[in-house]
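Residue-level structure breakdown
Here's the letter readout for the chains.
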Protein chains: 4
Amino acid sequence: MRPYKHKIQYYETDKMGITHHSNYIRFMEEARTDFLEQMGWPYDKLEESGVASPVISLECKYKSPSTYADELTIEVSVEQIKGARLCIAYKMTGRDGETVCEAKSEHCFVNSAGRPIRLQRDCPELYEALKALEGK
Amino acid sequence: MRPYKHKIQYYETDKMGITHHSNYIRFMEEARTDFLEQMGWPYDKLEESGVASPVISLECKYKSPSTYADELTIEVSVEQIKGARLCIAYKMTGRDGETVCEAKSEHCFVNSAGRPIRLQRDCPELYEALKALEGK
Amino acid sequence: MRPYKHKIQYYETDKMGITHHSNYIRFMEEARTDFLEQMGWPYDKLEESGVASPVISLECKYKSPSTYADELTIEVSVEQIKGARLCIAYKMTGRDGETVCEAKSEHCFVNSAGRPIRLQRDCPELYEALKALEGK
Amino acid sequence: MRPYKHKIQYYETDKMGITHHSNYIRFMEEARTDFLEQMGWPYDKLEESGVASPVISLECKYKSPSTYADELTIEVSVEQIKGARLCIAYKMTGRDGETVCEAKSEHCFVNSAGRPIRLQRDCPELYEALKALEGK
């Protein structure tokens, strides 16, 4: 899979002169979307299938700062996929290869009515696609 | 009507050390919501009536900067209300009474299906409430 | 200490009709600032003392959603303070007392040049104020 | 000049299911940065020259909505450049060529101390580069 690239925008910086820490949570979402798209699951296909995967928890470790005009390289991986849970890991590196941020997000699966579903039973095609990438 | 107060947050500042200009558009929305609430039209009442008023244009003049921990005082007024259009004006002042930002937003009215409506005909109670404040 | 209140704004919601998960990270910052202010350490005093406390990690568990016009009550507590580290905990509850979000942030301390400092030695007054609240 | 592309992110949508209007102000900044880079004035060169160009006013007309996963094409042009003022115009179009947003931003020029400068005198190279694109 091709890592996702995010170029830091001026509006993402703060008074300390660096990227505000809350924005990395948004970069995680951007990279996750791109990852699903590369897997063959762009948003419209997901929506048609009626599956959504809300974030139920996340953690983020800030290792070194980034700032305006920096380009982050974000590697996404499927840490674990079970019937009812998905855990995604993110590694963000800066221009010189330094680790900027390491993060994880945990997701459940819901149908279009917002009810919890089991992915393996209710959308096996997506489950298998994620399973094939687990731990890689 | 009581002016709205917004205290600038750290995440609203940028690398220049001041409030990023895009955030004032959000403060306009906050102040507008508060103004409608003070008029007796909190969000849930608006939603029940099925009326939404999307922004169709805006303009914003940045007069002097603000920064973290500053409290802005935002005065909202109904510049003009017609059957199909509403124009709201905003004046934001800082701690020392300096004008920070002057802005306007123009709105149309739509029903819950997103179709344009005429407020005077379709929600006369809200129309009259806005009309009574026009130009004040 | 008085809990912090945050009213969800329209611009903080997303397409799913709920508060976008990234915004809770910003509410944590708002509540933390307010907590420090209540402790007698408003931003200008912190800045004069030359101490900043960047976020080095955070975790966030999303328990139930919130949406536009909801008011969150955010309780902040000092989980642990050491010479070089501060851990803050947050509990956000909704109108009906339901837990919306539970979170933690970990901070280091740096001086105005961005160099790591030991709070106990370099700003004992703030250290003692935090220590007195630890675990409460 | 190559138009700028922005793909709408989930966190840029709101409860109405569309891109929140405040985000277009940020897309203007992204496109402007990219335009300057294509002109040969990336941010680090601008910073070395000591010139900044804060936004002093903007206007924005919302023509049709966009939503998650849409790709906007943003054309930027130099409407007018004078010694002390720069006016930039933006045209954002959606996938089917529909106009999504038309906007303008007005800028002044300041040096690294925040003092107003005259671009033609104080940074003639950038002035000439902008002048050559004026009205095109």
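Before reading on, note that the structure itself is shown above.
Residues numbered from 1 in each chain as written. Chains lettered and ligands numbered in written order. Predicted model: local features only at pLDDT ≥ 70, side-chain atom pairs only at ≥ 80, totals over all residues.

**Some points on the relation of the copies chain A and chain C**
Short version of the rule: What sets the superposition is a least-squares fit of C-alpha atoms, and only residues with pLDDT of at least 70 in both copies go into it. Here, residue contact means that the backbone-derived C-beta atoms of the two residues sit within 7 Å.
Rotating chain A by 180° and translating it 0.0 Å along the rotation axis places it on chain C, where the RMSD comes to 0.0 Å. Taken together, the rotation and translation relating the two chain copies correspond to the operation of a two-fold axis. The C-alpha atom lying nearest the rotation axis in chain A is that of A:Glu59; the distance is 2.1 Å. Comparing interface residues between copies, 100% of those in chain A also lie at the interface in chain C; the contact surface is shared.

**A closer look at the interface of chain B and chain D**
Rules: A run of H or I in DSSP becomes a helix once it reaches four residues, and a run of E becomes a strand once it reaches two; helices and strands are each numbered from the N terminus. Asp, Glu, Lys and Arg are counted as charged, while Ala, Val, Leu, Ile, Met, Phe, Trp, Tyr, Cys and Pro are counted as nonpolar; the rest, among them Gly, fall into the polar class. We treat two strands as partners when DSSP finds at least two bridges between them.
In this complex, chain B contributes 12 residues to the contact, which on the side of chain D involves 12 residues. Counting only elements with at least two residues in the side of chain B that touches chain D, the list comes to helix H1 (23-38) and strand E2 (55-62) of chain B. Ranked by the residues each element gives to the side of chain B that touches chain D, the list is headed by E2(B), at eight residues. Taken together, the residues of the side of chain B that touches chain D sort by class into six nonpolar, three polar and three charged. Strand direction decides the pairing type here: E2(B) and strand E2 (residues 55-62) of chain D, joined by five bridges, are antiparallel.

**A closer look at the interface of chain A and chain C**
Counting residues at the interface gives 12 residues for chain A and 12 residues for chain C. Elements supplying a minimum of two residues to the side of chain A that touches chain C: helix H1 (23-38) and strand E2 (55-62) of chain A. With eight residues, E2(A) is the single largest residue contributor to the side of chain A that touches chain C. Among the residues making up the side of chain A that touches chain C, the classes are represented as six nonpolar, three polar and three charged.

**With respect to H1(A)**
All names here are of chain A. As a reminder, the rule being used: To estimate the expected span of a helix, subtract one from its residue number and multiply by 1.5 Å. Exposure criterion: with C-beta atoms placed from backbone coordinates, a residue whose C-beta has 20 or more other C-beta atoms within 10 Å is buried, one with 12 or fewer is exposed, and one in between is partly exposed.
Spanning 16 residues, H1 covers 23 Å between terminal C-alpha atoms, matching the ideal 22 Å at 1.5 Å per step. Within the span of H1, buried status applies to Asn23, Tyr24, Ile25, Arg26, Phe27, Met28, Ala31, Arg32, Thr33, Asp34, Phe35 and Leu36. Remark: Gly40 follows H1 within two positions and exhibits a positive phi of approximately 95°.

**Digging into the pairing of strand E5 (residues 99-107) of chain B**
All names here are of chain B. Here seven bridges tie E2 to E5, and the two strands are oriented antiparallel to one another. In the sheet register, Ser57 faces E5, and the bridge partner there is Glu106. Remark: five residues form the turn of the hairpin made by strand E4 (residues 86-93) and E5, two consecutive strands paired antiparallel; Gly97 in that turn has positive phi of roughly 80°.

**Focus: the environment of C:Arg26**
Summarising the element assignment, C:Arg26 is placed in helix H1 (residues 23-38). Residue class for C:Arg26 comes out buried when judged on the 20 C-beta atoms lying within 10 Å of it. If we skip the residues at most four places from it in the chain, C:Arg26 touches A:Ser22, B:Gln9 and B:Tyr11.

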